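Working through the structure, step by step
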Amino acid sequence: MRNVVAVVGDQVAAFELGVVCQVFGLDRSDDGLPVHDFAVCGPRPGAVPTTSGFAIQVEHGLERLAAADLVAVPAWPQLDAPVPEQLLAALREAAGRGAQVLSICTGAFLPAAAGLLDGRRAATHWQFAGLLARRFPRVRVDRDILYVADGPVLSSAGAAAGIDACLHLVRREYGAATANALARRMVVPAHRSGGQAQFVEAPVPAPRTPYELSELIDWMQEHLAEPLTVRTLAARAAMSPRTFARRFKAATGTTPHRWLLDQRLQLAEELLETTDLAVEAVAARAGFGGADTLRHHFAARRGVAPAAHRRAFRRDLQAR
């Protein structure tokens, strides 16, 4: 994923394009982070207006897609206008030769129009999920998730979910330590599971109890190696288990069990990539108890065994 190209049309959403530029378009080599050959292209190079009232200068035409390892499609404002056939053909050609396609928000309408999402799951902003499903009935639109990868396309919901999807790509390509370092630079969460809800009832937990949920979540992050049950956590938050589970999901969009599993898998992944600890020791530090439990969850979520992930990551690192 060395060569990254963002595609824009006759108008572009500034924030969503900015997300792609932040992750793939800045030189952060001084921090040891990967550098990409990044460009913005479109069917008609030149000045392209944004939805925010200013214009950007697009230097490249669609021929720039020929070398791309990743084609990013930010939110696409012109949903009622026909997509140029040469752009759809370029997307199909890029995916056909192995390039990945990333869509943010309504950018999902482009790979859908190109047929790249036929029979596959896709995400978009919840406000446009119904339209995407009606317009492209062969696409399996998931209205709730933040992002999903299926085939050559990683599609994501609106705005901030695009950051999550980009960091997911960085994590998959360069490993957990690199994704975490980049997230620190951007001052954003290092990982949100793609299956998490697009919106939550109370994004900032109200201090209804002596122990706020935000403080408890920080404490949970620091004690992943310990056996953390809902009953234990509820007692620490001075709530009943049922109330705690309900408020935790309202605040985070996921259950305590799922949140802990995601965080423990993330920690295990980083330990496998950055240490020589035995798998049993990684399992203990990440809170899985034993190696068999870690292997089960790691294979279910990542598709490979922990030891295989470590070997593949280090081979890739040496190759770079």
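Remember, it's a predicted structure, so these values are computed and weren't measured experimentally.

The rules behind the values
Residues numbered from 1 in each chain as written. Predicted model: local features only at pLDDT ≥ 70, side-chain atom pairs only at ≥ 80, totals over all residues. Heavy atoms only, no water. Axes fitted to C-alpha atoms, helices over the stretch in contact; angles between N-to-C directions. Helix = DSSP H or I, 4+ residues; strand = E, 2+ residues; numbered from the N terminus. Left-handed = near helix turned anticlockwise from the far one by under 90°. Contact = heavy atoms within 4.5 Å. Nonpolar A, V, L, I, M, F, W, Y, C, P; charged D, E, K, R; others polar. Parallel < 35°, antiparallel > 145°, perpendicular 65-115°, else oblique. Buried < 20%, exposed > 50% of the residue type's maximum accessible area, 1.4 Å probe, protein only. Pairing = 2+ DSSP bridges.

Two numbers describe a pair of packed helices, the interaxial angle and the distance between the axes. Helix 6 (residues 176-186) packs onto helix 5 (residues 160-174) with a crossing angle of 145 degrees between their chain directions and a minimal axis gap of 7 Å. Between helix 5 and helix 6 lies a crossing of right-handed hand. Between helix 5 and helix 6, the contacting residues are Ile-163, Leu-167, Val-170, Arg-171 and Tyr-174 on the first element and Ala-176, Thr-178, Ala-179, Asn-180, Leu-182, Ala-183 and Met-186 on the second. Grouping the constituent residues of the contact of helix 5 with helix 6 by class yields nine nonpolar, two polar and one charged.

A separate point is the packing of helix 6 against helix 10 (residues 256-274). Following both chains from N to C, one finds helix 6 and helix 10 inclined at 115 degrees, their axes separated by 8 Å at the closest point. Accordingly, the angle class assigned to the pair helix 6 and helix 10 is roughly perpendicular. Here Ala-176, Ala-177 and Asn-180 of helix 6 come into contact with helix 10, specifically with Gln-266, Glu-269, Glu-270, Glu-273 and Thr-274. Its residues placed into classes, the contact of helix 6 with helix 10 shows two nonpolar, three polar and three charged.

Here the focus is the side chain of Thr-178. Tracing the chain through its elements places Thr-178 in helix 6. According to the relative accessible area criterion, Thr-178 is buried, its value standing at 18%. Among residues more than four places away in sequence, those in contact with Thr-178 are Leu-33, Pro-34 and Val-170.

Before going further, it helps to spend a moment on the sheet that holds strand 5 (residues 70-73). Paired through their backbone hydrogen bonds, the strands of a sheet run either parallel or antiparallel. As summarised here, the arrangement of the six strands in space is 2-1-5-6-10-9, forming an open sheet in which the pairing is mixed. Of all strands in the sheet, those with a lone pairing partner are strand 2 (37-41) and strand 9 (147-150), marking the two edges. On average, adjacent strands in this sheet sit at an angle of 15 degrees to one another, irrespective of strand direction. As defined by bridge partners, strand 6 (residues 100-104) adjoins strand 10 (residues 153-156) across four bridges and the pair is classed as parallel. Opposite Ser-103, over in strand 10, you have Ser-155 as the bridge partner.

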